[in-house]
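Structural overview for review
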Amino acid sequence: MQDKPLTGKNIAIMVANGFDEVEFVEPQKQLLAAGATVKAVSRATGLVNGWYDGSWGHFFPVDADLADTLAVDYAGLVVPGGVRGVEKLAEDPHAQRVLKAFMRAGMPVALIGDATSLMITIEDAKGRTVTSSADTREALEAAGASWEEVASVTEGNLVTASGTEGIAEMIQSFAALINAFESNVTEAA
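Below is a short write-up of the structure. (Residues numbered from 1 in each chain as written. Predicted model: local features only at pLDDT ≥ 70, side-chain atom pairs only at ≥ 80, totals over all residues. Heavy atoms only, no water.)

Observations concerning the overall build of the chain
Along the chain, the regular secondary structure elements total six helices and twelve strands. In summary, the chain has a C-alpha radius of gyration of 15 Å against a globular reference of 16 Å for 189 residues, a match within 12%. The principal-axis extent of the C-alpha atoms belonging to the chain is close to 45 × 40 × 30 Å. For the chain, the residues scored as buried account for 49% of the 189 residues in total. Contacts in the chain between residues at least 24 apart in sequence constitute 65% of all its contacts with a sequence separation of at least 6. A total accessible area of about 8800 Å² is found for the chain, and carbon and sulfur atoms account for 49% of it. For the chain, the separation between the mean place of its 13 positive charges and that of its 26 negative charges on side chains is 6 Å. (Helix = DSSP H or I, 4+ residues; strand = E, 2+ residues; numbered from the N terminus. Rg over C-alpha atoms; globule rule 2.2 N^0.38 Å. Buried < 20%, exposed > 50% of the residue type's maximum accessible area, 1.4 Å probe, protein only. Contact = heavy atoms within 4.5 Å. Areas by Shrake-Rupley, 256 points an atom, 1.4 Å probe, with all protein chains shown as cover. Lys, Arg positive; Asp, Glu negative; His and termini not counted. Charge placed at Lys NZ, Arg CZ, Asp CG, Glu CD.)

Looking at the pairing of strand β4 (residues 47-52)
Relative to β4, strand β2 (residues 19-20) is paired through two bridges, and the arrangement is parallel. Bridged to Phe-19 within β4 is Gly-50. The loop that links β4 with its antiparallel partner strand β5 (residues 55-61) comprises two residues; one of these, Asp-53, has a positive phi angle of about 55°. (Pairing = 2+ DSSP bridges.)

Remarks on the side chain of Ser-132
Along the chain, Ser-132 falls in the loop between β9 (129-130) and α5 (134-142). One polar contact links Ser-132 to Thr-136, side chain to side chain, over a distance of 2.6 Å. (Polar contact = N/O pair within 3.5 Å; in protein donor to acceptor, adjacent residues only side chain to side chain.)

Brief notes about the packing of aromatic side chains
Counted under the stated rule, the structure contains four aromatic pairs. Chaining the aromatic ring pairs together yields one cluster made of Phe-19, Phe-24 and Phe-60. The lysine or arginine in question, Arg-84, covers the ring of Trp-51, its NZ or CZ lying 3.6 Å from the ring centre. (Phe/Tyr/Trp six-rings, centres within 6.5 Å; stacked < 30°, edge-to-face > 60°. Lys NZ or Arg CZ within 6 Å of the ring centre and 35° of its normal.)

Some points on the environment of Lys-100
Note that Lys-100 resides in helix α3 (residues 93-104). Taking the C-alpha atoms as reference points, Lys-100 and Ala-90, ten residues apart in sequence, are found 12 Å from one another.

Encoded structure:
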């Protein structure tokens, strides 16, 4: 495998104020190390505020407004968990539109911890095999998902992680999905 398998690939990380800071920073670092260009997309203007260790954390620059975000501009989508941020994303029609667009197109999507519950919001949990934070397990199962108590699950174009412990494995799977998707698109053209 090449040193930087995601060179030239744009990856969107979709967040709202209150996202889990570690679940944002760790994938961002690994994606950058793999050569990707990472863009924070949010409805927050200018800066978005993370949640770290029980209180408000750092501010991070927003690269693009969710209202202007199109799946076609990215090779993949990552959504960190964090109850506060995920609740805001679940209520935002632009966040729903973006996630649905990635899923419908079969593009790679990585959901971490609480963010897996967004599959319920867009009515795409039924029949899926996922992992997530333990707090969202019951709701996912009630929505028809099969939940596994593991660090990371890959099913089709979707990679889910239970939390920070599954991020490294999730990013490896996510990178492989991006390259496989890009290859399929190139072959089809």
